[in-house]
Every structure is written in C-alpha cells, then in structure tokens.
Amino acid sequence: GAVVSQHPSRVICKSGTSVKIECRSLDFQATTMFWYRQFPKQSLMLMATSNEGSKATYEQGVEKDKFLINHASLTLSTLTVTSAHPEDSSFYICSALGVMNTEAFFGQGTRLTVV
Amino acid sequence: ELKVEQNPLFLSMQEGKNYTIYCNYSTTSDRLYWYRQDPGKSLESLFVLLSNGAVKQEGRLMASLDTKARLSTLHITAAVHDLSATYFCAVDMYSGGGADGLTFGKGTHLIIQP
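Residues numbered from 1 in each chain as written. Chains lettered and ligands numbered in written order. Predicted model: local features only at pLDDT ≥ 70, side-chain atom pairs only at ≥ 80, totals over all residues. Heavy atoms only, no water.

**Quick notes on the environment of B:Lys3**
Residue and element names in this part refer to chain B. Assignment of secondary structure puts Lys 3 in the segment before strand 1 (4–7). Look at Lys 3 and you get partly exposed, because its relative accessible area is 49%. Distance from Lys 3 to Phe 104, taken between C-alpha atoms, is 8.5 Å for residues 101 residues apart in sequence. In contact with Lys 3, not counting residues within four places along its chain, are Asn 24, Tyr 25 and Ser 26. (Helix = DSSP H or I, 4+ residues; strand = E, 2+ residues; numbered from the N terminus. Buried < 20%, exposed > 50% of the residue type's maximum accessible area, 1.4 Å probe, protein only. Contact = heavy atoms within 4.5 Å.)

**Here we look at the sheet that holds strand 1 of chain B**
Residue and element names in this part refer to chain B. Spatially, the five strands line up as an open sheet ordered 1-3-8-7-6, and their pairing is antiparallel. Each of the sheet's edge strands pairs with one partner strand only, and the pair in question is strand 1 and strand 6 (55–58). Strand-to-strand twist across the sheet, computed as the mean angle between neighbouring axes with direction ignored, equals 15°. Where strand 1 lies against strand 3 (residues 19–25), four bridges are found, and the strand directions are antiparallel. What sits directly across from Asn 7, in strand 3, is Tyr 22. (Pairing = 2+ DSSP bridges. Axes fitted to C-alpha atoms, helices over the stretch in contact; angles between N-to-C directions.)

**Notes on the packing of aromatic side chains**
The full count for this structure, using the stated rule, is nine aromatic pairs over all chains. Ring geometry for A:Tyr36 against B:Phe104: centres 5.7 Å apart, planes inclined by 85°, an arrangement best described as edge-to-face. With A:Tyr36 in strand 4 (residues 30–38) and B:Phe104 in strand 10 (residues 102–104), this residue pair bridges two chains. No difference in accessibility class separates A:Tyr36 from B:Phe104, as the two residues are buried. Aromatic pair A:Phe106 and B:Phe104: ring centres 6.3 Å apart, planes at 70°, arrangement edge-to-face. Of this pair, A:Phe106 sits in strand 10 (residues 105–106) while B:Phe104 sits in strand 10, each in a different chain. (Phe/Tyr/Trp six-rings, centres within 6.5 Å; stacked < 30°, edge-to-face > 60°.)

Purely spatial values, then, with no claim about function.
Below you can see the structure in the form of structure tokens.
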C-alpha cells in the first residue's frame, strides 16, 4: 500500500524559532502534497497544496511567509513554520497524492508545541 | 462556501447496538471519503465512495453515498468497543477527481460502552 511518512512526530520549540516538518512518500511518486492543521478537538483544515516543482497554493487566511512549503522532489515536501508562536501549536498532517492514486494518503502527523 | 455537516457530533452507545452517522455536503461532488481518527493519531482511511449509489462495507461499518441528496451515511452494526474513535467525512474542496485538498466535517466522536 501507499505509505506516507512524516517526521518528526513530535517537536517542542521555543517561541521565535523555526521548525521544519518533512513529508515523504515512501513507495510512490507524489505529484501533489497537501498540508493540514488540526487544533485540539477540532477538524482538519487545509493549509496549502503543493505540486512538485512549483509554488504552493495557500488557502485563504494562511500566511505564506510564515508557513513555507517546499516540494522539490516527487517524494518529499517540507513545511517550515517560521518564527513560531504558541498559537501555532497544533497537529500538522500531510497527505500525498500520486498519479495512479484515487485518494491522497495521510502521514502520521506532527505534534508541534511552541513554548 | 463549501460546507460539510456531520451529525451527530457526539455519540455514546452500547455495544451490540446499531447506529448511523450522517454527512451532508453542499457541493456537487461525486466523491466522498470517510476516515477514522484515534486520539493523538493521524487519519485512517475507511472508505472512498466514488459515485452515486456507491455502497461499501468493511466489517461492522458500511458507508453509502447519495449524490443527488448530497448525503452519505456511515452505518455501524453491532458496535464493539474497538470502534470507539472520531469519524470524519470529507469531500474534495474544488474541482474534485481526487486532485484537490479536502474539506472535512467536524467529526463524530463515538464512544462505545460495554
């Protein structure tokens, strides 16, 4: 089956620092990757869509300069939370879609805590 | 604005009982997804419903899709404790076909008591 690996699974950082989260498709080439955010006891909200080799498309209300997305290869997308603040603490989940897939597959998620 | 509404949002039920979770959506999408999420975990894909009238079953769970009514149901038969989780439905956000991000319902927090 299609496997999507996210790293790290948990990270704690100090306010003002930057954190990078990786999303890898392990056994397929992901033409498109999606980044979601989930606050406690809430649903998932799409942050941005990235296609390999092009700039990410951000959803309304998501600051592109704060959440930097890079999709430089068909198996890796990264999300960098810059100048993190406590309100950025959340569960970040990626999903990846391959050419032959009928659905995107989700990574394990990254729990970010900003202190 | 695309809306995906689930109900109920919270459900406590006894083992052995049957129940249905409903998912209404506002687009003309012919594709709908159901996921399970355990506490602290990511999403587990349960069903992908790709057309009107689609029905899929896996164990004690059965999902159906009525695109004309813009309604999907997730039916639980003879519930067991292991099915306790939060269940989300989702639809493609824009043009569909699986190439878009998803809009999720708020989720149904299901607790099954012995």
